[in-house]
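As a plain string of letters, each chain reads:
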Amino acid sequence: MRCLMALLYVVLAAGCAATRVSDPVGPDRVVYHLNSGLEQASNGLRNVRNHLEVNPKAQIVLVAHAQGVDYLMKGAKDAHGNPYETIVQDLVGQGVRFNVCEITLRNRQLRRDQFIEEASFVPSGVAEITRLQSREGYAYLRP
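Student: Quick one: what's the story with unusual backbone geometry, residue by residue and with numbers?
Tutor: Even without glycine at this site, A66 takes up a positive phi of about 50°. Mapping A66 onto the fold places it in the loop between β2 (59–64) and α3 (84–93).

Here it is in structure tokens:
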């Protein structure tokens, strides 16, 4: 009887686990790491749009430092001449956050007023990525 109960428990647990895994819509928490310039930003933004298409409930943060901040600067455009600001505004409307590293601003002699209004600022990009992963359980993606 104990073996039968144990087997039943295993089957029920496996069924519950399978149900959770097969449901793509849930509280995914993902941090995208951008540090390589406009091409990487274009890829990352496309990845984020695709992610939200299949899981509109995902909580997504893009953290940029080094050359990764360039797409959030006023007037920045992709290779086809499309302004990044339009894409960022749309994603902000879907709950996505965009963080810029203040150490990068200091090292590159940039100012906050050079960035679109949707950009937020964090003291350190890599420290923010670490915090989101280790303290808040965010998955890490680097396009």
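Past the structure itself, the notes keep going.
Student: So what's going on with the confidence of the model for the chain? Which residues, and what values?
Tutor: With 82% of its residues at a pLDDT of 70 or more, the chain has an overall mean of 89. Low pLDDT (under 50) marks residues 3–8, which in the prediction has 0 contacts with non-local residues, meaning those over four places away or in another chain. Ignoring residues within four places in sequence, the model shows residues 16–20, a span with pLDDT below 50, making 0 contacts including any to other chains.

Student: Talk me through the nonpolar core; I want residue IDs and the actual numbers.
Tutor: The nonpolar side chains of a soluble globular protein tend to be buried with one another. Core analysis: the biggest nonpolar cluster contains 29 residues, and L62, Y71, L72, F98 and F115 have the highest contact counts within it. Secondary-structure elements contributing two or more residues to this core are β1 (29–34), α2 (38–54), β2, α3, β3 (97–101) and β4 (119–122). Residue contacts for L72: discarding those within four places in its chain leaves V88, F98, V100, F115, I116 and A119. Counting 6 residues, the second largest nonpolar core, distinct from the first, contains V31, V61, I129 and Y138.

Student: Give me the sheet that holds β4: which residues, what numbers.
Tutor: If you trace the 5 strands from one edge of the open sheet to the other, you get β4-β3-β2-β1-β5, paired in parallel fashion. Pairing within the sheet leaves two strands with one partner each, and these edge strands are β4 and β5 (139–141). Here the average twist between neighbouring strands, direction ignored, is 30°. Relative to β4, β3 runs parallel, the two being bridged by 4 bridges. Within β4, the residue paired with V100 across the bridge is F121. Seen against the sheet, α2 touches β1, β2 and β3 and runs at an angle of roughly 165° to β1.

Student: Could you give an account of the environment of V126, with specific residues and numbers?
Tutor: With respect to the helices and strands, the residue V126 is situated in helix α5 (residues 125–136). As a C-alpha pair, V126 and N35 span 91 residues in sequence and 10.0 Å in three-dimensional space.

Criteria and thresholds
Residues numbered from 1 in each chain as written. Predicted model: local features only at pLDDT ≥ 70, side-chain atom pairs only at ≥ 80, totals over all residues. Heavy atoms only, no water. Helix = DSSP H or I, 4+ residues; strand = E, 2+ residues; numbered from the N terminus. pLDDT = per-residue confidence, 0-100. Contact = heavy atoms within 4.5 Å. Core = buried A, V, L, I, M, F, W, Y, C linked by side-chain atoms within 4.5 Å. Buried < 20%, exposed > 50% of the residue type's maximum accessible area, 1.4 Å probe, protein only. Pairing = 2+ DSSP bridges. Axes fitted to C-alpha atoms, helices over the stretch in contact; angles between N-to-C directions.

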